[in-house]
Amino acid sequence: MRLTADARGVYPIAPTPFHTDGSLDLASADRLVDFYQACGATGLTVLGQLGEAAKLEHAESLAVAERMIRRAGPLPVVVGVSAQGFAAMRALTREVMDRGAAGVMIAPPNTLRTDDQIVGYYRQAVEAIGADVPFVLQDYPLTFSVQMSPGVIRRIVTELPSCVMLKHEDWPGLEKISSLRAWEQEGSLRRIAILTGNNGLFLDCEMGRGADGANTGYAFPDMLCDLVRLHQAGRRDEAQDLFDAHLPLLRYEQQPGIGLTVRKYLLHRRGLLGAPTLRAPAAPLTAAARAEVEYLLGRLARHDERARLAPLD
């Protein structure tokens, strides 16, 4: 199934599972995909920004993507193919699309400074991977230091028909969503899917501004699925109550530097990862940080039974 502008719901960003020795843990990859399907995810993204793609060899990247694509069945899988050069991007794109990927996600390199440079980069990327490959435009200035104005996004979407989704991770960025949707309403911009990141930290408001769902990696993706469904059903107060209960843990997991460490710890606690291992370089989770996470889990369990986890051995 190819990715289209009609995408909506929740596309969790899957972490790359590792055994304690740092080798790939593909059995945990299967568990993750099964869980995402069971909790109502409408798609899946692998090798994203927090998928540790830069720490993988090419063969490992392909192995992870192929395993998750096969396990996902009809669930569309987007593969992150961002690379230093277009040759590597083209090679991985061709291989994952041949194996059934729905599309690819491309982040901008941090060397881009002007609007023309940004548009030109994506023009060249499409020339490299092929205009028939649907792609997700990743807008994450807090990490990539590339500022994409609504006007730049409109230029990319207008010039490149294979751009079918925006992964919106600007912060603050609510007005950007409103601008893009307003242009769609007036007919000056074709519709694209807008799914948001930032660990879901602003998902409550983003849905109200016209986002179609979430494309992020919080350790409780089942909550994100519930939140999006409630918003889409017009049950905003229920959605907000659920979001408010999770907000302290969302915030903690979003910390730069240790966010993925926290996320993998939580996914391990939930029985989805065999080990919470990150490949080096990685920030360890200290005893103090673990105690804080456990405290927040206990608080969350008062409102959401999914956070009531069995103690570690």
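Residues numbered from 1 in each chain as written. Predicted model: local features only at pLDDT ≥ 70, side-chain atom pairs only at ≥ 80, totals over all residues. Heavy atoms only, no water.

K.L.:
Explain the pairing of strand β5 (residues 135–139) residue by residue, including any values.
P.N.:
Counting buried positions along β5 gives five out of five residues, so the element sits mostly inside the fold. Residue alternation in β5 divides its side chains into two sets, Phe135, Leu137 and Asp139 and Val136 and Gln138, and both sets are buried. Strand direction decides the pairing type here: strand β4 (residues 103–106) and β5, joined by three bridges, are parallel. Bridge assignment links Ile106 to a residue of β5, and that residue is Leu137. For the segment spanning β4, helix α4 (residues 115–129) and β5, crossover handedness is right-handed. Sheet analysis places β5 next to strand β6 (residues 163–168), joined by five bridges and oriented parallel. Of the residues in β6, the one forming a bridge with Val136 is Met165. (Buried < 20%, exposed > 50% of the residue type's maximum accessible area, 1.4 Å probe, protein only. Helix = DSSP H or I, 4+ residues; strand = E, 2+ residues; numbered from the N terminus. Pairing = 2+ DSSP bridges. Right-handed = clockwise from strand over helix to strand, strands pointing away.)

K.L.:
So what about the packing of helix α11 (residues 259–269) against helix α12 (residues 287–301)? Which residues, and what values?
P.N.:
For any two helices packed against each other, one specifies the crossing angle of their axes together with the interaxial distance. α12 packs onto α11 with a crossing angle of 55° between their chain directions and a minimal axis gap of 11 Å. Classified by the angle their axes make, α11 and α12 are oblique. Taken as a pair, α11 and α12 cross one another with a handedness that is right-handed. Seen from α11, the contacting residues are Val262, Tyr265, Leu266 and Arg269; seen from α12, they are Arg290, Val293, Glu294 and Leu297. Classifying every residue of the contact of α11 with α12 gives five nonpolar, no polar and three charged. (Axes fitted to C-alpha atoms, helices over the stretch in contact; angles between N-to-C directions. Parallel < 35°, antiparallel > 145°, perpendicular 65-115°, else oblique. Left-handed = near helix turned anticlockwise from the far one by under 90°. Contact = heavy atoms within 4.5 Å. Nonpolar A, V, L, I, M, F, W, Y, C, P; charged D, E, K, R; others polar.)

K.L.:
So what about the pattern of salt bridges? Which residues, and what values?
P.N.:
The full count for this structure, using the stated rule, is 27 salt bridges. Its salt-bridge partner being Asp139, residue Lys176 comes within 2.6 Å of it at the nearest N-O pair. One end of the pair, Lys176, is in helix α7 (residues 174–186); the other, Asp139, is in strand β5, with 37 residues separating them in the sequence. Residues Lys176 and Asp139 agree in their burial class; the two are buried. A salt bridge links Asp222 to Arg270, with the shortest nitrogen-to-oxygen separation between them at 2.8 Å. Taken together, the positions of Asp222 in helix α9 (residues 221–232) and Arg270 in the loop between α11 and α12 put the pair 48 residues apart, joining distant regions of the chain. Note on accessibility: Asp222 and Arg270 belong to one class, buried. (Salt bridge = Lys/Arg side-chain N within 4 Å of Asp/Glu carboxyl O.)

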